[in-house]
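Secondary and tertiary structure notes
What follows is the residue order along each chain.
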Amino acid sequence: MMKIVLIGSIILVFFNAFVFSQTNHEPVATVGSKSISVDEFQFRYELTPQLFRERDDKGNKLKREFLYTLIAEKLLASYGESVSLDTTEIVKLTLQTFEEMFVRDELYKRMIVEKAKSKADSLLGFYLANSTSSMLTYIRTDRFDEAERIGELLKKGVPFDFFYSDTSLSLQDTLTITFGQFDESIENEILTLPENSFSRPLFINDQWYIFNVIKKFYPVIERSDGWEAEFKRLKKLAKERAEFTFYNDFMNNIFSNQNIKANGKLLKLFSDEVYNILDKKRARYAEQKKYFLEVSDLALINKKLSEESLNSTFIKLPGGAIPLKNFLNYLRFENISVDSIDYQNVLDILNGKTRKFIEYKILANEGYKYGLEKTAEVQKQFNMWKQNYFYQLVMTEFADSSTVTNDEIKTYYNQLNKGKFNVKEVNVIEVLVRDPEAAEKVINELGAGRDIKELTYAASNKNDEHESGFKPITYFKEIGPILNQMKIGEIYGPMKVADGYSIFKLIDVREDSSVNGASFDKTKKELENELRHLKMKNTINQFIAKLAKQSSITINNELLNSIRSINHNSVVFKLLGFGGKITAVPLIAPNSEWVEDWLNSLKVMP
């Protein structure tokens, strides 16, 4: 039986509606001049899935390992600040995108959510005062004149059942409807009718209906079975409908007089580059059902386009001109995929992305007018994601700088063949997706019983075979430490990796295997990648340990062990106001291997 070890549930929440009770600012750890409060630790810990979270005996160990991971994140983020990573253009643009994202979300909270509360309460009262649902019979016809004639006869006292003998009409014995099924105006007419009464002719889905009310139900008022769930549903419906009303009014007010267009020549120039890249992918991977534009593809386009084109005005807003390079950076956060490689299709998709980019910019500018970037909530979210972004950047720099020589590869090869190392090999199926939305779709499909093999091409941007085949666990780099703890048949994910989000299944394990049957030439490239990754891990662990020693770290173990936490894994996504979706917190892979070096360094006397 398939077992998904990481995913307990998937929760979708509006960013501003997802609030933890954050009242404990006591530091559970200090990292130089920075600290990790109980609030921060609990917020990140409970929203970051982990293996073995469901086991009570692992609680304190998992909390300690995660605290070390957060400390490593802060150490590398501080280092990134010290070397002025935020002065490079791409980093500045990315940080600007993060800030605008949270400014827009705060704007939604203030202009939509808060203002809609009173209307939501009023709607909920209306729903509860009327029947939550009604049992009906109805008459349906394609012709208004016929519906009008029947309505007049009903008013004169002709029984509703009389029309059941008219074979020209479509009849239904019973139907139960409730709030939330139809347009509000239709529902209000039907659900407010008393029992044994009929509606006027109503136009629904291109046909005319007359409803007859047989029975009305009041589960919340009567406290009948399921009333709690029904109350929650109605409360959610009232909130959504109230917010939708204020959302429409706000958007109409902001955009009614806006007539902003993109530079058509630049859009076509960019579309040409995107089409050429996707067309090459089609030629290489003709069997794929979907083709993705990767972050690396955007970097390639950025190199190919001239500085003049990149710095030319792509969009002109009242607040200033926006160059094409800003649009390219925005697309790094967007999912761009096509089912068929057709130039017009590519152009249409990029047109849509352009409209959304303009909309987001205008909304962010509106938020800046109110100074929302300075609010505590925006600052908290921005700093959390900035810290994680700097951490990832520094990690990437180490990965890019790790090199190995031919002599080192030969030595590593000989060590393996002489049996000096026990090599654990694993066979894995991995689905690699670019954004949280795609990861959510994969998890939903798995939860519904789909085989992960079926999803590797449908949802993944990897172009490998379904199964990896037996490979040393070090081959899998970022996901290797997790694979090393998994059991055969288990699925883990989503895990944040350099190329996006990974969901993977352990198919089989071969312990203490060797590579004696393979020649050096055949395995050289694979061994090079493995050795580079091992060297990179060792280098980064030593570097973090060095930073830790310089940063004067303290940990309150008693306080850490006392922190209460849920032991249920959930993947939580934030639905941002005005559009967009991100994970509730930056997902971060476990990183505590540096601790041993750090502790050993503390034992060395000067």
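Residues numbered from 1 in each chain as written. Predicted model: local features only at pLDDT ≥ 70, side-chain atom pairs only at ≥ 80, totals over all residues. Heavy atoms only, no water.

Looking at the element boundaries, Lys574 is found in strand β18 (residues 570-575). At a separation of 2.4 Å, a polar atom in the side chain of Lys574 contacts the main-chain carbonyl oxygen of Ala584. (Helix = DSSP H or I, 4+ residues; strand = E, 2+ residues; numbered from the N terminus. Polar contact = N/O pair within 3.5 Å; in protein donor to acceptor, adjacent residues only side chain to side chain.)

Once that is clear, we can look at the confidence of the model for the chain. Scored by pLDDT, the chain has a mean of 83; 86% of the residues are at 70 or more. Taken element by element, the predicted model of the chain shows its lowest mean pLDDT in strand β1 (residues 3-4) (40) and its highest in helix α10 (residues 307-311) (95). Below pLDDT 50 for its whole length, residues 460-464 participates in 17 contacts with residues either more than four positions away or in separate chains. (pLDDT = per-residue confidence, 0-100. Contact = heavy atoms within 4.5 Å.)

It is worth spelling out the nonpolar core at this point. With 97 residues, the main nonpolar core has Val28, Phe41, Ile71, Phe250, Phe270 and Trp594 as its most contacted residues. In this structure Val28 touches Ile36, Ser37, Val38, Phe41, Leu67, Thr554, Ile555, Asn556, Leu559, Leu560 and Ile563, once residues within four positions along its chain are discounted. Formed by 23 residues, the second largest nonpolar core is a distinct cluster that contains Tyr127, Tyr138, Ile186 and Val213. (Core = buried A, V, L, I, M, F, W, Y, C linked by side-chain atoms within 4.5 Å. Buried < 20%, exposed > 50% of the residue type's maximum accessible area, 1.4 Å probe, protein only.)

Size it by volume and the second largest pocket reaches roughly 420 Å³. Contributing to the lining of the second largest pocket are 17 residues, with Glu40, Lys74, Lys380, Asn383 and Met384 lying nearest its centre. Of all the elements in the fold, those that place two or more residues in the lining of the second largest pocket are β4 (34-37), α1 (38-46), α2 (59-82) and α13 (376-401). If one sorts the elements of the lining of the second largest pocket by residue count, α13 sits on top with 6 residues. For the lining of the second largest pocket, a count of residues per class yields 2 nonpolar, 7 polar and 8 charged. (1 Å grid on protein atoms, 1.4 Å probe; cavity = no way out; pocket = protein on both sides within 12 Å on 5 of 7 lines; lining within 4 Å. Points joined across faces, edges and corners; volume = space filled by probe spheres on them. Nonpolar A, V, L, I, M, F, W, Y, C, P; charged D, E, K, R; others polar.)

As a further point, take helix α4 (residues 144-155). With 12 residues, α4 extends 17 Å between its outermost C-alpha atoms, agreeing within 8% with the 16 Å of an ideal straight helix rising 1.5 Å per residue. Here α4 has its buried residues at Glu146, Ala147, Ile150, Gly151 and Leu154. Along the axis of α4, the buried residues cluster in a sector spanning 140°; they form a single face. Buried residues along α4 sit in contact with β5 (133-141) and β8 (207-217). One or two residues past the end of α4 sits Gly157, with phi positive at roughly 105°. (Expected span 1.5 Å × (residues − 1). Arc of directions from axis to C-beta.)

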